[in-house]
Amino acid sequence: MARIPRSNPLVVRKRTQDGIAFNFTLPTARPRRQRARFLFPEDNPSTAKSSQDGTAADGDQVAEELGNEETSQLDAAVKPKLRYHSIWTKDQHREAVNNRSNNYSKNFKVGIQAPNPPRSSSSSDHGAEGLTQSHKEKLVAKGQLFPSADSTEPLVSPILLREACKCDICVDPSDRQRNYEYSDIPTNIHVATASKSFDGEKTIIGWGNDVQPNHFSVFDQATTSRLLKPFRNPAWQMYERPRKVWTRKTFRTAENVRIDFNDYMSNEETLARTLHLLWRDGLVFLDGVPEAEESVQNIVTRIGPLQNTFYGNTWDVKSKPQAKNVAYTSKHLGFHMDLLYMKDPPGLQFLHCVHNTCEGGESRFADTLKAIDIMYRMHNGPEMIQTLMDVPVRYEYDNDNFFYSDTKPTIMTRNPTPRQNVLHARNQDLISQIEHVYWSPPFVGNLDSSIPHSTLEKFIRASAIFSKLLNHVENVLTEKMDSGTCVIFDNQRVVHARNSFDLNSGKRWLRGAYLGHQDFVSKAVSLMSLMPQVTTAQQGEHTREIARPEWHIYKDVYGGGDSGVDCDDLVENPVRKIPYYIDEKTERGSRRAARAKELAH
């Protein structure tokens with residue numbers, strides 16, 4: 001291969017009238033990357049004309065600029081390997097990254113003008129004004145429906161715009177249900193007229209070929225700004241409130257106050273704070289609860305209706321002979337979640353300690369999201385997490401003439417919902433994608449026999465590490481529940497356990513009940529305005545909390561200090577840690593962003 005002298009200008013830079021610059025890189029035969037030198041149009045008279053008329057030089061012209069002396073070397077060694085680069089505006093680059101289309105700028109020959117960033121192939125998406133999709137989204141977010149005052153071609157689909165009409169003709173003002181089916185909207189519907197209201201705050205649209213003749217729709221700026229959002233209802237803002245992963249130390253803080261029962265039952269702000277803590281931590285304690293059987297029912301119905309199961313609306317937790325559930329014994333009960341063998345397991349669980357004078361019987365709680373967050377940083381952590389997401393587990397209850405069975409993965413990623421912020425998490429992107437965690441080893445029926453042995457080996461190892469992380473002393477919150485205490489926790493996030501107790505030392509009586517997760521969210525949305533505001537400082541607290549890796553936890557999980565395992569081998573370099581389990585088609589730009597985010601933490 002011919003060798004090009006180092007003194008050659010290896011990069012020619014062109015700039016067109018619209019401000020887009022092009023770098024034509026000619027790599028040398030040297031194995032080490034050399035610093036490029038740029039020739040601007042104003043500095044190179046031979047390229048000024050092509051730059052002014054908006055065209056780029058072809059391959060022969062580039063060869064002439066490099067000089068006739070190196071033309072033969074260029075043809076023999078460099079020209080077949082020309083690399084094409086383009087510099088876009090900020091909006092163009094953001095759109096290319098969002099569309100996962102960074103590769104489109106490759107494999108172009110020198111002299112061909114760079115294409116515009118990729119857009120939708122639909123002509124209606126481009127619009128008469130030729131705006132990019134990102135520009136349209138910005139305009140709509142500001143409450144603008146049309147690209148210009150005299151245009152009748154909306155920035156959004158006419159079908160989408162027609163479907164968004166919530167006037168009294170389209171939606172009944174009493175029951176708030178639609179008066180027509182969206183399938184009745186003609187596919188060739190279009191905007192016939194568009195005008196502004198007298199105050200200029202609303203847009204009045206007259207439809208052509210509408211499902212309802214002579215129909216007009218009125219849109220204010222708030223409605224317009226949400227048209228291109230996947231979740232338009234303001235109630236979805238609840239999902240923008242952060243969750244917080246916690247350990248024994250980070251849970252017991254000044255802001256995690258225990259709730260007084262009387263305030264909970266009578267004060268709306270106290271109820272809103274309780275729901276805020278449940279949403280954020282998945283665990284909250286109430287004190288001063290009357291020692292009455294109906295107390296737990298009153299606590300539940302303050303939020304929503306009781307979730308009935310085959311145990312009844314409410315149930316007792318007492319030790320009794322010939323128990324049909326291990327909870328009704330005095331034995332040790334490991335970490336688990338309730339009723340995972342049902343299609344719709346309880347969202348929240350309530351346990352009211354009516355009376356407790358026994359020795360032992362401490363309740364234990366752990367945050368599964370914290371265990372997953374730690375697992376990610378461990379050796380083969382992403383692979384273990386992916387295994388727990390993929391391998392299904394069948395839970396069963398077959399006793400006392402009752403049979404229930406359902407299959408769930410250990411980690412379930414969320415359905416399309418707005419992303420949450422996560423406090424105190426080292427891997428916020430991962431934790432924000434998790435909807436529920438299911439962990440209840442005492443009630444596992446069987447593993448899927450169709451799973452290959454190699455996959456089962458990975459699943460068992462991942463489950464063993466997950467169990468050790470849950471049971472690590474720093475991740476476990478222990479509470480000796482006294483009479484008059486009620487604990488509320490997320491049954492699909494927080495695992496609970498109980499130490500064994502001595503039946504001869506006293507009496508232990510708890511009453512329990514369940515609440516559906518959607519009923520909890522519904523009540524929380526109604527009280528969202530009364531919840532504590534999360535400040536930027538609170539959202540940034542996780543940076544201080546997670547600055548130091550959990551080296552001692554890694555050691556304990558892998559057999560303690562005498563295991564002979566080097567801590568540096570337990571945690572992979574964060575630069576190489578790519579969250580492939582979130583998006584397997586991550587492009588180079590997103591991968592670099594993921595690395596930068598990991599390094600920032």
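Definitions and limits used
- Residues numbered from 1 in each chain as written.
- Predicted model: local features only at pLDDT ≥ 70, side-chain atom pairs only at ≥ 80, totals over all residues.
- Heavy atoms only, no water.
- UniProt positions renumbered as here; feature names shortened; annotations may be inferred.
- 1 Å grid on protein atoms, 1.4 Å probe; cavity = no way out; pocket = protein on both sides within 12 Å on 5 of 7 lines; lining within 4 Å.
- Points joined across faces, edges and corners; volume = space filled by probe spheres on them.
- Helix = DSSP H or I, 4+ residues; strand = E, 2+ residues; numbered from the N terminus.
- Nonpolar A, V, L, I, M, F, W, Y, C, P; charged D, E, K, R; others polar.
- Salt bridge = Lys/Arg side-chain N within 4 Å of Asp/Glu carboxyl O.

- The name recorded for the protein in an unreviewed UniProt entry is TauD/TfdA-like domain-containing protein, from Exophiala mesophila.
- The UniProt entry for the protein carries the following comment under Cofactor (unreviewed entry): "Fe(2+)".
- Taken verbatim from the UniProt record of the protein, the Sequence similarities (unreviewed entry) comment is "Belongs to the gamma-BBH/TMLD family."

1. Thoughts on the layout of surface pockets
Piece 1. Put simply, the second largest pocket is a space of about 600 Å³.
Piece 2. What lines the second largest pocket is a set of 26 residues, among which Tyr239, Glu435, His436, His517 and Gln518 lie closest to the centre.
Piece 3. Looking at the lining of the second largest pocket, the elements with two or more residues in it are β15 (402-409), β16 (411-413), β18 (434-437) and α17 (517-526).
Piece 4. Top contributing element to the lining of the second largest pocket by residue count: α17, with five residues.
Piece 5. For the lining of the second largest pocket, the residue count by class is eight nonpolar, twelve polar and six charged.

2. Things to note about the pattern of salt bridges
Any two side chains of opposite charge can pair, so long as their charged atoms come close to each other.
Piece 1. Counted under the stated rule, the structure contains 13 salt bridges.
Piece 2. Here Glu479 and Arg252 are joined by a salt bridge, their closest N and O atoms 3.6 Å apart. Of this pair, Glu479 sits in strand β20 (residues 476-479) while Arg252 sits in the loop between α9 (248-251) and β8 (259-260), and the two are 227 residues apart along the sequence.
Piece 3. Close ionic contact of Glu383 with Lys458 constitutes a salt bridge, the shortest N to O distance being 3.4 Å.

3. Things to note about empty space enclosed by the protein
Piece 1. Evaluation of the coordinates by the stated rule reveals eight cavities of 30 Å³ or more.
Piece 2. In this model, the second largest cavity occupies a volume close to 230 Å³.
Piece 3. If you trace the second largest cavity, you find 19 residues lining it, with Arg243, Gln420, Glu435, Asp490 and His517 closest to the centre.
Piece 4. Residue assignment for the lining of the second largest cavity shows that the elements contributing at least two residues are α11 (268-281), β18, β21 (485-490) and α17.
Piece 5. Top contributing element to the lining of the second largest cavity by residue count: β18, with four residues.
Piece 6. Residues of the lining of the second largest cavity, tallied by class, amount to nine nonpolar, five polar and five charged.

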